[in-house]
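# Per-entry structural report
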Amino acid sequence: MKYIYYIYQIFIGLPVIIVSTIITALTVAIGCVIGNGHFWGYYPGRVWGKTILRAMLLPVKVEGREHLEKNQSYVFVANHQGAFDIFLIYGFLNRNFKWMMKQSLRKVPFLGFACERSHQIMVDKRGPSKIRKTYEDARNILKEGYSVTVFPEGARTFTGHMAHFRKGAFALADELQLPVVPLTINGSFDVLPRQRGLFNIVNWHPLSLTIHEPIYPVGQGPENVEATMRQAYDSVMSSLAPEYQGFVENPDQ
């Protein structure tokens, strides 16, 4: 069965990924030019995420959607197991949100242009003024009633385990007094370990997304930031598969 799946993904799965990515990027870019960037920046991406996971025949399980309130803005923080995290969250979180993503993604053909047009938040670390601009963009999105999704580790894992969380997302939530929602992703590392690259052969493995209870601010300032970050880290870790439990340092942080 493994080799049949490999043949299937080469001749069906991979072409679907390539074609759907190009179509989605063009749809988002054109839609954002003529219409509402907040609509076009989310709904085509949601269809894209579901299409790719279904084309790759990967089963998905989602738990915890009942923890989210309909009109509440959240700062979502997730572990970063692999490239398929993007498809999983986009397709199955069921919230209109913006990504906080690396500035380098601007250079990706089609994708970078679409992300820029749809007001995704590019994390630019090339100096204090660029960093301030990044967080100003995030503040504006949250004030408009949308949510933000962040990978606070800042880089995909090499081992499937979690590394340190960075404070940026939690400081942003503290400043605006917004709840933080931890997300645990399982299976993405098993599907495509980082070393193997996005367009190499992937493994069949179920995916799961656990949406934990929101962590509401208690006070404001450094103590609240630290407490929220620790609680979010523990929540994400608590639902990881047993083989990936425990901290492992990521040299790419």
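From a predicted model like this one, the values you see are computed outputs, not experimental measurements. (Residues numbered from 1 in each chain as written. Predicted model: local features only at pLDDT ≥ 70, side-chain atom pairs only at ≥ 80, totals over all residues. Heavy atoms only, no water.)

## What to know about unusual backbone geometry
Positive phi, close to 65 degrees, is recorded for Asn94, a residue that is not glycine. Structurally, the position occupied by Asn94 is in the loop between helix H4 (84-92) and strand S3 (97-102). (Helix = DSSP H or I, 4+ residues; strand = E, 2+ residues; numbered from the N terminus.)

## Considering the side chain of Ser235
Tracing the chain through its elements places Ser235 in helix H9 (residues 222-238). If we ignore the near neighbours within four places in the chain, the residues touching Ser235 are Pro182, Thr184 and His212. (Contact = heavy atoms within 4.5 Å.)

## Quick word on the sheet that holds strand S7 (residues 207-211)
Reading across the sheet, the seven strands line up as S1-S7-S6-S2-S5-S3-S4 and stay open at both edges, with mixed pairing between neighbours. The open sheet is flanked by strand S1 (60-63) and strand S4 (121-123), the only strands paired with a single partner. For this sheet, the mean angle separating the axes of adjacent strands, direction not counted, is 20 degrees. Here strand S6 (residues 180-186) pairs with S7 via four bridges, running antiparallel. (Pairing = 2+ DSSP bridges. Axes fitted to C-alpha atoms, helices over the stretch in contact; angles between N-to-C directions.)

## What to know about the pattern of salt bridges
This structure, assessed with the given rule, holds six salt bridges. In this structure, Arg139 engages Glu175 in a salt bridge whose closest nitrogen and oxygen atoms are separated by 3.1 Å. Linking Arg139 in helix H6 (residues 128-143) with Glu175 in helix H7 (residues 168-176), this pair joins segments that are 36 residues apart in sequence. Across the pair Lys167 and Glu226 runs a salt bridge whose closest N-O atoms are separated by 2.6 Å. One end of the pair, Lys167, is in the loop between strand S5 (147-150) and H7; the other, Glu226, is in helix H9, and 59 residues separate them in sequence. For Lys167, a relative accessible area of 44% corresponds to the partly exposed category. (Salt bridge = Lys/Arg side-chain N within 4 Å of Asp/Glu carboxyl O. Buried < 20%, exposed > 50% of the residue type's maximum accessible area, 1.4 Å probe, protein only.)

## Some details on the environment of Val47
Here Val47 shows up in helix H3 (residues 43-55). Taking the C-alpha atoms as reference points, Val47 and Asn79, separated by 32 residues in sequence, lie 22 Å from one another.

## Some remarks on the nonpolar core
With 36 residues, the main nonpolar core has Phe84, Ile89 and Leu183 as its most contacted residues. Secondary-structure elements contributing two or more residues to this core are helix H1 (2-34), H3, strand S2 (75-78), H4, S3, S6 and S7. Discounting residues that sit within four places of it in the chain, Phe84 has contacts with Ile52, Leu53, Met56, Leu58, Ser188, Val191, Leu192 and Val202. In terms of nonpolar packing, the next biggest core, distinct from the first, is built from 26 residues, Met162, Leu172, Tyr233 and Leu240 among them. (Core = buried A, V, L, I, M, F, W, Y, C linked by side-chain atoms within 4.5 Å.)

## Describing the packing of H7 against H9
Contact geometry of H7 with H9 gives a least axis separation of 9 Å together with a crossing angle of 125 degrees. In terms of axis orientation, H7 runs oblique to H9. Relative to H9, H7 is oriented so that their crossing is right-handed. Contacts from Phe170, Ala171 and Asp174 of H7 reach H9 at Asn224, Val225, Thr228, Met229 and Ala232. In the contact of H7 with H9, the residues fall into five nonpolar, two polar and one charged. (Parallel < 35°, antiparallel > 145°, perpendicular 65-115°, else oblique. Left-handed = near helix turned anticlockwise from the far one by under 90°. Nonpolar A, V, L, I, M, F, W, Y, C, P; charged D, E, K, R; others polar.)

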